[in-house]
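# Understanding the architecture of this molecule
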Amino acid sequence: CCCCCCCCSDLLVENICSYLVPIDVALVKLYSLVMVAFAALVLVKWKTIALEYYLLKRQREAWTEDGSSKSSAVADLEDVERLLVPLNAVSSWLAYVAAALVCAQVLGINVAPLLAVGGASGIIVGLSTQQILTNTVMGLSLFLARPFLPGDHVTLGGAATGLTGTVERITPMRTTLRTEDDILVTIPNKVR
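Definitions and limits used
- Residue indices follow the written sequence of each chain, beginning from 1 at its first position.
- For this predicted model, a pLDDT threshold of at least 70 governs which residues receive local features, and a threshold of 80 or more governs which side-chain atom pairs are given and counted, while totals over whole chains, interfaces and linings are taken from all residues.
- As a convention, hydrogens and water are excluded, and side-chain values are obtained from all of the structure's heavy atoms.
- Segments assigned H or I by DSSP are reported as helices when at least four residues long, segments assigned E as strands when at least two residues long, and all are numbered from the N terminus.
- Every helix has an expected span of 1.5 Å times one less than the residues it contains.
- A simple rule labels every residue: compare its accessible area, found with a 1.4 Å probe on the protein chains alone, to the largest value its type can have, and call it buried under 20%, exposed over 50%, or partly exposed in between.
- The arc under discussion is defined with respect to the helix axis, by the directions toward the C-beta atoms.
- Counted as salt bridges are all cases of a side-chain nitrogen of Lys or Arg within 4 Å of a carboxyl oxygen of Asp or Glu.
- What we call a nonpolar core is a set of buried Ala, Val, Leu, Ile, Met, Phe, Trp, Tyr and Cys residues that are connected through their side-chain atoms within 4.5 Å.
- Here, residues are in contact when the closest pair of their heavy atoms is within 4.5 Å.
- Two strands are said to pair when DSSP picks up at least two bridges between them.
- What counts as an axis is a line fitted to C-alpha atoms, over the stretch in contact for a helix, and the angles between N-to-C directions run from 0 to 180 degrees.

Moving on, we come to helix α4 (residues 130–145). Think of an α-helix as turning once every 3.6 residues; residues three or four places apart then point the same way. With 16 residues, α4 extends 22 Å from end C-alpha to end C-alpha; this agrees with the ideal 22 Å at 1.5 Å per step. Taken as a whole, α4 has its buried residues at N135, G139, L142 and F143. Projected down its long axis, α4 carries its buried residues within an arc of 95 degrees, all on one side. Across from the buried face of α4, at angles greater than 90 degrees, the exposed residues are Q130, V137, L144 and A145. Following α4 by one or two positions, R146 adopts a phi angle in the positive range, close to 55 degrees.

Now for the pattern of salt bridges. In total, this model carries two salt bridges according to the counting rule given. One salt bridge connects R178 with E168, and the closest N-O pair in it is separated by 3.2 Å. Here R178 is found in strand β3 (residues 174–179), whereas its partner E168 is found in strand β2 (residues 163–170), with ten residues between them in sequence. Ionic pairing is found between D182 and R178, a salt bridge with its closest N-O pair at 3.3 Å. A relative accessible area of 26% means that R178 is categorised as partly exposed. Overlapping salt bridges, with partners in common, bring together E168, R178 and D182 in one network.

Time to look at the nonpolar core. Counting residues in each nonpolar core, the largest one holds eight residues, listed as L142, F148, V154, L156, V167, I170, L177 and I187. Mapped by element, the contributors of at least two residues to this core are β1 (153–156) and β2.

This part takes up the side chain of T176. With respect to the element layout, T176 can be found in strand β3. Excluding its chain neighbours within four sequence positions, the residues that come into contact with T176 are T166, V167, E168, R169, L184, V185 and T186.

This next bit is on the sheet that holds β3. Reading across from one edge, β1-β2-β3-β4 is the order of the four strands in this open sheet, with antiparallel pairing throughout. Strand pairing shows two members of the sheet lacking a second neighbour, β1 and β4 (184–188), which therefore form its edges. If you compare each strand with its neighbour and ignore which way they point, the axes differ by 45 degrees on average. Pairing between β3 and β4: five bridges, direction antiparallel.

Glancing now at the side chain of T179. Secondary-structure assignment places T179 in strand β3. When neighbours within four sequence positions are excluded, T179 is seen to be in contact with L163, T164, G165 and V185.

The subject of this paragraph is unusual backbone geometry. One non-glycine residue, D182, lies in the positive phi region at around 65 degrees. Along the chain, the position of D182 falls in the loop between β3 and β4.

Take the pairing of β2 next. Sheet topology note: the β1/β2 ladder contains four bridges and is antiparallel. By the bridge assignment, L156 is partnered in β2 with L163. Where β2 hands over to β3, the hairpin turn is made up of three residues, counted between the paired strands.

And the structure:
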């Protein structure tokens, strides 16, 4: 009878464990998903705080210390925000996509084919938007290096064949120049 009781209790434990193991696996996956989602949200929030606090606040402080005119400071701040808002959005989406891929991996979905298709798509998009990306990168370079500012008189190209005028506006994609003949010319940032 004792042997039968031990056998019955072992069978009972095995039955209970067979029901608890899938629940345990599901809870571990749920915990992993919650942690990945939380990490993505915290990362995006830290990024937003860093962009707003460190970059924009320091830019505002630099303009107040610099003694620049208020209209010039507002225009420069608009330029900084024009560059940072898309950067902020793109980096947020990248964090969310990375979190979604990790969540898919946790759920047992093979993400290697998705990454391969994404890589190939990235190459295709990169090649098709090469001109736009080049202008944007050069616009960022112009913004950071500040070789000339709106209101400066510049000559692009050689003195004999170049374009001479006053810089009206510098945007991420193009620079607007007013020539000596009062003609407004838009020049892609790739050409400088």
